[in-house]
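Structural features, examined
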Amino acid sequence: MKGIILAGGKATRLYPITKGVCKQLLPIYDKPMIYYPLSVLMLAGIKDVLVISTPQDTSRFKDLLGDGRSLGIKLTYTVQPKPQGIAQSFIIAEDFIGKDSVCLILGDNIFYGYNLSELLQQSARIKDGAVIFGYYVRDPERYGVLTFDKKCRVTAITEKPKNPDSNWAVAGLYFYDNQVVKIAKGIKPSKRGELEITAVNNEYIKKGKLKAEFLGRGHAWLDTGTYGSLIDASIFIKTIEDRQGLKIGCIEEVAYRMGYIDKKQLKLLAGAIPTSYGQYLKDLLKHE
């Protein structure tokens, strides 16, 4: 399976913060925001990742992350000339995806919780159909919302409904078989002029090939689209890290724990970071 991080858009809801810098490069406590979705893909066992961003920001992501070799993965980059919906990612990435299955994660989404890596790796084994993640929210009208039948099977997804059928929102993490490129090419733009990911998911529902996993009370899903949610995410990360002494979204640690790099490489990475973040990586080796 290959991975895509969509890190584009204008993030106008966060102006003037994002007027001169891409939202996914903003800090969430002690890391750039993009570290969190990248760590999720790495925890899923995905080592070939495409970052899609704006014409002006793509080079900034390259400067930050490089080609991925230092983490034992492969990172490539491409441009989204104009934001025209999440599903546009699959059309842009058609050559990258090739004949493989693919996981798409939004660059401003953070996931955390017990057994998350096992759930991700299980989803990454999909060969036929799609896997999406539902999360119970207070304000479902902001998201794609799940509709269920009497047997709790997902029958439809509605994008930003005025009168939601449930409080279960679709989180920004999606696993698909190789048919997703063909499906994305076949959907029509919405009234907003965008290729909606909801339309892709509804096509899989029609085919009877969409599976929903539900993230319960032991999991956190945070998006960072508003001033409040941006600071809430940083406070959440800081609280957990201060309490446990363990970092969330630390891509160097994930690379080491997943066996992508060895102790020697982790030590090199740690030595290049002259902060408490680098010391944390050094302590990983000390405390084993």
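Description of the structure in this document. As a convention, each chain's residues are numbered from 1 in the sequence order in which they are written. For a predicted model such as this one, the threshold for reporting local features is a pLDDT of at least 70, and the threshold for listing and counting side-chain atom pairs is 80 or more; totals across whole chains, interfaces and linings nevertheless cover every residue. The basis for every side-chain value is the complete set of non-hydrogen atoms in the structure, without hydrogens or water.

On to the overall build of the protein. Scanning the protein from N- to C-terminus turns up 11 helices and 13 strands. Relative to its length of 288 residues, the protein is compact, with a C-alpha radius of gyration of 19 Å against a globular reference of 19 Å. For the protein, the spread of C-alpha atoms along the principal axes amounts to about 55 × 40 × 40 Å. Counting the 288 residues in the protein, one finds 52% classified as buried. We call two residues in contact when some of their heavy atoms are within 4.5 Å. Considering only contacts within the protein whose residues lie at least 6 apart along the sequence, 74% involve residues at least 24 apart. Accessible surface is estimated by sampling points in the Shrake-Rupley manner with a 1.4 Å probe; for residues, cover comes only from the protein chains shown. Surface exposure of the protein reaches about 14400 Å², of which carbon and sulfur atoms provide 51%. The convention is simple: Lys and Arg are positive, Asp and Glu are negative, and His and the chain ends are not counted. For charged residues, the charge sits on one atom: NZ in Lys, CZ in Arg, CG in Asp, CD in Glu. A distance of 2 Å separates the average location of the 41 positive side-chain charges in the protein from that of its 30 negative side-chain charges. The way it works is that DSSP assigns letters per residue, a run of H or I at least four long becomes a helix, a run of E at least two long becomes a strand, and they are numbered from the N terminus. For the radius of gyration, the atoms used are the C-alpha atoms, and the globule rule reads 2.2 Å times the number of residues raised to 0.38. Relative accessibility decides the category of a residue: with a 1.4 Å probe and only protein chains considered, values under 20% of the type maximum give buried, values over 50% give exposed, and everything between is partly exposed.

Moving on: the pattern of salt bridges. Pairing of side chains with opposite charge becomes possible as their charged atoms draw close. Salt bridge, as used here: a side-chain nitrogen of Lys or Arg that lies within 4 Å of a carboxyl oxygen of Asp or Glu. Overall, the coordinates contain 20 salt bridges when judged by the stated rule. Between Lys31 and Asp30 there is a salt bridge, with the nearest N and O atoms lying 2.5 Å from each other. Residue Lys211 is joined to Glu213 by a salt bridge in which the shortest nitrogen-to-oxygen separation is 3.1 Å. For Lys211, a relative accessible area of 42% corresponds to the partly exposed category.

This brings us to the environment of Glu94. Looking at where Glu94 falls in the secondary structure, it is placed in helix H4 (residues 94-97). On the basis of relative accessible area, Glu94 is assigned to the partly exposed category, the value being 32%. Residues Glu94 and Val180, 86 residues apart in the sequence, show an inter-C-alpha distance of 9.6 Å. Among residues more than four places away in sequence, those in contact with Glu94 are Val181 and Lys185.

Another aspect to go through is the nonpolar core. Among the buried residues, those of types Ala, Val, Leu, Ile, Met, Phe, Trp, Tyr and Cys that are joined through side-chain atoms within 4.5 Å form a nonpolar core. Ranked by internal contacts, the top residues of the largest apolar core, which has 53 residues, are Leu38, Met42, Phe111, Leu173 and Phe175. Top element by residues in this core is helix H1 (residues 35-43). It accounts for 5 residues. Apart from residues lying up to four places away in sequence, Phe111 is in contact with Val40, Ile105, Leu116, Ala171, Gly172, Leu173, Leu215, Ala220 and Trp221. Core analysis: the second largest hydrophobic core is formed by 32 residues, Tyr174, Val180, Ala184 and Ala212 among them.

Moving on, we come to the pairing of strand S6 (residues 102-106). Extensive coverage of S6 is indicated by the burial of 5 of its 5 residues. By the alternation rule, side chains of S6 split into Val102, Leu104 and Leu106 and Cys103 and Ile105, which are all buried. Judged from the 5 bridges that link them, strand S1 (residues 2-7) and S6 form a sheet pairing that is parallel. Residue pairing across strands places Ile5 opposite Ile105, the latter belonging to S6. DSSP bridges decide pairing: two strands pair if at least two such bridges lie between them. Relative to strand S11 (residues 168-176), S6 runs antiparallel, the two being bridged by 4 bridges. Directly across from Val102, in S11, lies its bridge partner Tyr176.

Here we take up the side chain of Ser39. Tracing the sequence through the fold places Ser39 in helix H1. Aside from chain neighbours lying at most four places away, what touches Ser39 is Gly249, Ile251 and Val254.

To continue, consider the packing of aromatic side chains. What counts as a ring pair is set by centres within 6.5 Å for rings of Phe, Tyr and Trp (its six-membered ring), and what kind of pair is set by the plane angle: stacked under 30 degrees, edge-to-face over 60, tilted for all other angles. For the structure on display, the rule yields 10 aromatic pairs. Geometrically, the ring pair formed by Phe90 and Tyr176 is edge-to-face, given 5.3 Å between the ring centres and 85° between the ring planes. Taken together, the residues span a long stretch of sequence, with Phe90 in helix H3 (residues 88-92) and Tyr176 in strand S11 at a distance of 86 residues. Exposure remark for Phe90: the relative accessible area of 0% places this residue in the buried category. For Tyr176, a relative accessible area of 0% translates into the label buried. Where Tyr135 meets Trp221, the ring centres are 5.8 Å apart and the plane angle is 75°; that geometry is what we call edge-to-face. Taken together, the positions of Tyr135 in strand S8 (residues 130-136) and Trp221 in strand S13 (residues 219-223) put the pair 86 residues apart, joining distant regions of the chain. Like Tyr135, the residue Trp221 is buried in the burial classification. An aromatic cluster is built from Phe90, Tyr174, Tyr176 and Tyr204, whose rings are joined through pairwise contacts. Both a distance and an angle decide whether a charge sits over a ring: NZ of Lys or CZ of Arg must be within 6 Å of the ring centre and within 35 degrees of the ring normal. Positioned over the ring face of Phe96 is Lys2, at 5.2 Å from the centre of the ring. Just above the ring of Tyr280 sits the side chain of Lys247; from NZ or CZ to the centre is 5.4 Å.

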